[in-house]
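Chain by chain, the residues run as shown.
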Amino acid sequence: MILSLLNPRALNKCDVYIALWCLYFLQGVLYPVGGFVSQSLLMGLLVYSLYFLFYANSHYVMPSYYKGLNALLGIFICYGVFMLLIHGSKIYSPMGQSIVTKNYLQIILSSFLPLYPLYVFAKEGLLTTRRMRVWTILFFIVATACFFREERERLSRLILEGSQAEEVTNNSGYTMLTLIPLLVLFKRWPIIQYIGLGFIMYFVTIAMKRGAIIVGVLCLVYFLYSTFRNSSSKTKFGLILLTCCIAYIGSAFISDYAENSAYMQSRIEDTKAGNTSGRDVYYNALWNHFLTESGPVEMIIGNGAEGAFYSVGYIAHNDWLEILLGQGLLGVLIYIIYWTVFLKTWKNALNPDVKIIVGIVFLMFFTKTFFSMSYQTMTIYSNAILALCLSGNFNNEE
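Everything numeric here is computed off the predicted structure, so don't read it as measured data.

Caption draft 1: Highlighting the overall build of the chain. Across its full length, the chain holds 18 helices and 2 strands. Radius of gyration (C-alpha) of the chain: 21 Å, near the 21 Å computed for a compact globule of 398 residues. Over its C-alpha atoms, taken along the principal directions, the chain stretches across nearly 65 × 55 × 40 Å. For the chain, with 398 residues in total, the buried portion stands at 49%. As displayed, the chain offers around 18600 Å² of accessible surface, 66% of which is attributable to carbon and sulfur atoms. Side chains of the chain carry 27 positive and 21 negative charges; the gap between the two charge centres is 12 Å.

Written out as structure tokens, the structure reads:
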């Protein structure tokens with residue numbers, strides 16, 4: 001199957017689309033970051049995906065999840081365009097710091113727009129469960145390469161600043177987590193699932209992002225519980241043994257790693273001491289600004305895209321506060337609607353495997369809303385499997 005995908009004659013437009021996103025993410029590995037190649041790829045993919053936003057909504061009766069997503073994307077796009085018109089190429093904080101305004105739309109559109117063409121491709125039979133298994137293997141390779149690229153870049157920056165650090169926190173730990181729902185595709189091969197889970201959690205651990213570890217453990221528990229509950233009596237004993245083996249190996253690795261890693265020890269001590277990496281300062285400043293500095297209009301419609309940075313000078317690291325300062329109570333209401341529809345999609349799923357996949361994606365990104373920027377970090381990995389599930393053409397038996 002892998003060889004057939006590598007054969008140009010066997011490729012379809014969905015394969016090309018996914019491959020181009022993977023190529024884009026491999027900037028810094030295969031070609032320079034932020035250059036002509038990456039910018040051309042991104043703009044081409046976003047324009048193509050934007051076309052499918054309109055195509056999907058006009059040619060299909062979209063699932064309720066997409067109706068919530070349409071509303072959320074609509075408000076983000078309106079505010080992003082308005083920011084470009086008002087502020088130009090850069091927006092400044094009260095302290096004089098600046099960020100590039102176009103990045104706001106680029107990041108959000110890159111996060112959500114692929115869900116539309118992937119849904120259409122799944123409806124047309126171009127994205128199938130069997131094909132997704134092949135892409136899962138390639139996704140693991142791409143995600144791993146990106147992980148080491150980010151680690152290398154962060155270490156290089158620290159060295160330039162005069163630091164002698166040998167370990168860093170790596171945001172790609174969150175990206176590795178988005179591979180977990182894809183492992184449901186291998187339910188007939190439990191050993192592959194458990195090797196994949198071990199592989200993912202290894203990278204999440206060495207990434208040393210406390211939020212990613214919390215989300216990872218939550219998704220891992222849900223995955224194992226759901227898999228066990230849906231298994232036949234014959235396979236449950238084997239799953240228990242595999243789980244015990246993975247738990248033993250994992251705990252031994254973490255214990256040894258923590259003992260030999262000064263940086264991980266410091267992260268553990270920071271957690272025990274209640275060190276939130278400055279988030280308590282950000283949260284208090286942003287919340288107080290909303291309560292004391294915002295007028296009725298700002299409370300309702302916010303301060304505009306990047307409102308937290310523009311008004312207070314902080315990136316919220318919390319979706320709810322970021323939207324509250326940016327899009328006001330109107331934005332928060334739309335965000336609540338989006339997650340409510342997402343939750344109903346999970347609860348109403350009839351196919352057991354679809355229920356597990358949608359549940360993992362929901363738990364992963366909803367939990368992340370409270371201590372990171374969830375709506376900016378959907379990946380092609382999670383988007384592909386989610387779109388396939390929402391299309392109604394998911395068949396894990398093929």
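Caption draft 2: Seen up close, the side chain of Ser 382. Note that Ser 382 resides in helix α18 (residues 380-390). With a relative accessible area of 0%, Ser 382 lands in the buried category. Within the structure, the side chain of Ser 382 is placed 3.2 Å from the backbone oxygen of Thr 379, a separation counted as a polar contact. Beyond its immediate stretch of four places on either side in the chain, Ser 382 contacts Thr 178 and Phe 365.

Caption draft 3: Here's a closer look at helix α4 (residues 64-87). When the terminal C-alpha atoms of α4 are compared, their 35 Å separation across 24 residues agrees well with the 34 Å that a helix rising 1.5 Å per residue should span. If you check which residues of α4 are buried, you get Tyr 65, Tyr 66, Gly 68, Leu 69, Leu 72, Leu 73, Ile 75, Phe 76, Tyr 79, Gly 80 and Met 83. Two residues or fewer after α4 comes Gly 88, characterised by a positive phi angle close to 75°.

Caption draft 4: Structural view of the packing of aromatic side chains. One pass over the structure, following the stated rule, counts 46 aromatic pairs. A centroid spacing of 5.7 Å and a plane angle of 40° characterise the contact between Tyr 17 and Tyr 48, whose relative ring orientation is tilted. Taken together, the positions of Tyr 17 in helix α2 (residues 13-25) and Tyr 48 in helix α3 (residues 36-59) put the pair 31 residues apart, joining distant regions of the chain. Residue classification places Tyr 48 among the partly exposed positions, given a relative accessible area of 32%.

Caption draft 5: Quick look at a nonpolar patch on the surface. Residues Leu 11, Val 16, Leu 20, Leu 23, Val 29 and Leu 30 make up a contiguous nonpolar surface patch of roughly 440 Å² in combined accessible area. On the basis of relative accessibility, which here comes to 34%, the residue Leu 11 falls in the partly exposed class.

Caption draft 6: Geometry of the pattern of salt bridges. Considering all chains together, one arrives at 5 salt bridges under this definition. Across the pair Glu 124 and Lys 13 runs a salt bridge whose closest N-O atoms are separated by 3.7 Å. Pair noted here: Glu 124 is in the loop between α6 (115-123) and α7 (129-160) and Lys 13 is in helix α2, with a separation of 111 residues, a long-range link. You can call Glu 124 partly exposed: its relative accessible area is 34%. Looking at Lys 13, the relative accessible area reads 40%, which means it is partly exposed. Between Arg 131 and Asp 15 there is a salt bridge, with its nearest N and O atoms 2.6 Å apart. Of this pair, Arg 131 sits in helix α7 while Asp 15 sits in helix α2, and the two are 116 residues apart along the sequence. For Asp 15, a relative accessible area of 1% corresponds to the buried category.

Caption draft 7: Representation of the confidence of the model for the chain in the model. Here the chain averages 90 in pLDDT, while 95% of its residues score no lower than 70. Helix α1 (residues 2-6) is the least confidently modelled element of the chain, averaging 51 in pLDDT, while α6 averages 98, the highest of any element.

What counts and how
Residues numbered from 1 in each chain as written. Predicted model: local features only at pLDDT ≥ 70, side-chain atom pairs only at ≥ 80, totals over all residues. Heavy atoms only, no water. Helix = DSSP H or I, 4+ residues; strand = E, 2+ residues; numbered from the N terminus. Rg over C-alpha atoms; globule rule 2.2 N^0.38 Å. Buried < 20%, exposed > 50% of the residue type's maximum accessible area, 1.4 Å probe, protein only. Areas by Shrake-Rupley, 256 points an atom, 1.4 Å probe, with all protein chains shown as cover. Lys, Arg positive; Asp, Glu negative; His and termini not counted. Charge placed at Lys NZ, Arg CZ, Asp CG, Glu CD. Polar contact = N/O pair within 3.5 Å; in protein donor to acceptor, adjacent residues only side chain to side chain. Contact = heavy atoms within 4.5 Å. Expected span 1.5 Å × (residues − 1). Phe/Tyr/Trp six-rings, centres within 6.5 Å; stacked < 30°, edge-to-face > 60°. Patch = residues over 30% accessible without salt bridge, like charges linked within 9 Å, V, L, I, M, F, W, Y side chains within 5 Å. Salt bridge = Lys/Arg side-chain N within 4 Å of Asp/Glu carboxyl O. pLDDT = per-residue confidence, 0-100.

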